[in-house]
Amino acid sequence: MKKALSLLLTLVMVLSLAACGGKESDTSAPPPAEGDSSTSAPPVESGDVANKDKPLVWFNRQPSNSSTGELDMTALSFNEDTYYVGFDANQGAELQGQMILDYITAHIDEIDRNGDGVIGYVLAIGDIGHNDSIARTRGVRKALDTAVEENGSIKSDAVGINADGSASAVKDGKLTIGGKEYTVRELASQEMKNSAGATWDAATAGNTINTWVSTFNDQIDIVASNNDGMGMAMFNTWSKENKVPTFGYDANSDAVAAIADGYGGTISQHADVQAYLTLRVLRNALDGVDIDSGIGTADDAGNVLSNDVFKYVDSERSYYALNVAVTAENYQDFTDATKTYAPVSNQLDATAHPTKSVWLNIYNAADNFLSATYQPLLQNYDDLLNLNVEYIGGDGQTEGNITNRLGNPSQYDAFAINMVKTDNAAAYTGLLSQ
């Protein structure tokens, strides 16, 4: 009996040790291969990470106070893998203003259509509460000497109709060219918002130029716009036929091509670099590698950006692409707005960078720049970066039209968000925090 009991106890101990050994081998990681110097954490499945801790990139609309422009650092530091990707709005705005001024200077003999000594311009404003729109309005007014400062900042309000130059948000400017002084007047400006509330609205701009022409006719010497969508609507409606130079922003393919037909110029905000950064920042966070990999530092596929096309501001957790003026002199270099940027067009190895799922929205599916330029670029880069991206197009009016389609954030590994209004970051972070 004792012998049988002893054998039974021995058998139990052997089975117990085997079970413990099996459990231990399931949970312990294999030793690193000899010579493996990788310090990256292994990819984590989306189900193992709380939504509030997943990588998040705000893009195109920087979280900020729409009245003051103050950045929303709560949104920008939502978690340790949260960043913003956009472009240097002030640098681009000054570049647009300088481009218009350079054109006036070079064409001063024919720019004053009615010969009254007043160079009149009209201005299409995209969104009076959007930092980029504010910057571009200020850039034009600063360059043309029509700016009025208040509390140290140039006013960016729309003036409506300013036939006599008495509007309080602008003043009559003075330019001396070839020894002759000219007056510069902002004849009219308006936020291009449609009846449903969508801003940056091209159709509204196309209708508005007819209203302005009925008021001013040949007093309009320059048409300026906060973007190419509105600029091209005015160009096609009126200024092309009447040979009035029109200036926009974004370097959309149709606008670049129209330079051959008299469109005055546009600004490339390096959408190719922006789109890459939008997805690259997420890729790096998902891989657990240095955030600068493939950006300022070459990655294992050789992708890298030079410091003349982007900058990073650590205090703002923001990546900014730098801008380039596109005019009659160089427009042929920008005819394909959806072509990826060559220095960062190398395919990542799927073994080292396994496929991950990203939820990404465009605030307004009808926005020309975002839908016709930015999204096609994103779709080119998502393959190169091994990202499976679900693209959501909004109505340009309400955040709810977008957030309602993020019913199950747990199925995604990362998020890229393009808000309708810059004040509304909490509509998204609140959803991810639930």
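This text goes with the structure placed above it.
Residues numbered from 1 in each chain as written. Predicted model: local features only at pLDDT ≥ 70, side-chain atom pairs only at ≥ 80, totals over all residues. Heavy atoms only, no water.

A. The arrangement of the packing of helix α3 (residues 89-106) against helix α5 (residues 131-143) in detail. For the pair α3 and α5, interaxial distance at closest approach is 7 Å and the crossing angle is 35°. α5 is crossed by α3, and the crossing has right-handed handedness. Residues Ala89, Asn90, Ala93, Glu94, Gln96, Gly97, Gln98, Ile100 and Leu101 of α3 form the contact with α5, whose own contacting residues are Asp132, Ala135, Arg136, Gly139, Val140, Lys142 and Ala143. By residue class, the composition of the contact of α3 with α5 is 7 nonpolar, 5 polar and 4 charged. (Axes fitted to C-alpha atoms, helices over the stretch in contact; angles between N-to-C directions. Helix = DSSP H or I, 4+ residues; strand = E, 2+ residues; numbered from the N terminus. Left-handed = near helix turned anticlockwise from the far one by under 90°. Contact = heavy atoms within 4.5 Å. Nonpolar A, V, L, I, M, F, W, Y, C, P; charged D, E, K, R; others polar.)

B. Up close: the nonpolar core. With 102 residues, the main nonpolar core has Trp58, Ile104, Ile220, Leu305, Tyr319, Leu360 and Tyr381 as its most contacted residues. If one sorts the elements of this core by residue count, helix α9 (residues 271-287) sits on top with 9 residues. When residues no more than four places from it in sequence are discounted, the contact partners of Tyr319 are Tyr83, Tyr84, Val85, Gly86, Leu277, Val281, Ile291, Ile295, Phe310, Lys311 and Tyr312. Counting 10 residues, the second largest nonpolar core, distinct from the first, contains Met232, Ala255, Ala258 and Ile259. (Core = buried A, V, L, I, M, F, W, Y, C linked by side-chain atoms within 4.5 Å. Buried < 20%, exposed > 50% of the residue type's maximum accessible area, 1.4 Å probe, protein only.)

C. Seen up close, the packing of aromatic side chains. For the coordinates displayed, the defined rule picks out 13 aromatic pairs. Judged by centre distance (4.4 Å) and plane angle (35°), the rings of Tyr312 and Tyr319 are tilted. Classification of Tyr312 by relative accessible area gives partly exposed; the value is 30%. By relative accessible area, which is 2% here, Tyr319 ends up buried. Each residue in the set Tyr83, Phe310, Tyr312 and Tyr319 is aromatic and connected to the rest through ring pairs, giving one cluster. A cation sits over an aromatic face here: Arg61 above Tyr363, 3.6 Å from the ring centre. (Phe/Tyr/Trp six-rings, centres within 6.5 Å; stacked < 30°, edge-to-face > 60°. Lys NZ or Arg CZ within 6 Å of the ring centre and 35° of its normal.)

D. Summary view of unusual backbone geometry. Phi is positive for Asn151, which is not a glycine, with a value near 55°. Counting through the fold element by element, Asn151 comes out in the loop between β4 (149-150) and β5 (153-154). The phi dihedral of Arg317 falls on the positive side, at around 50°, and the residue is not glycine. Tracing the chain through its elements places Arg317 in the loop between β12 (310-313) and β13 (318-321).

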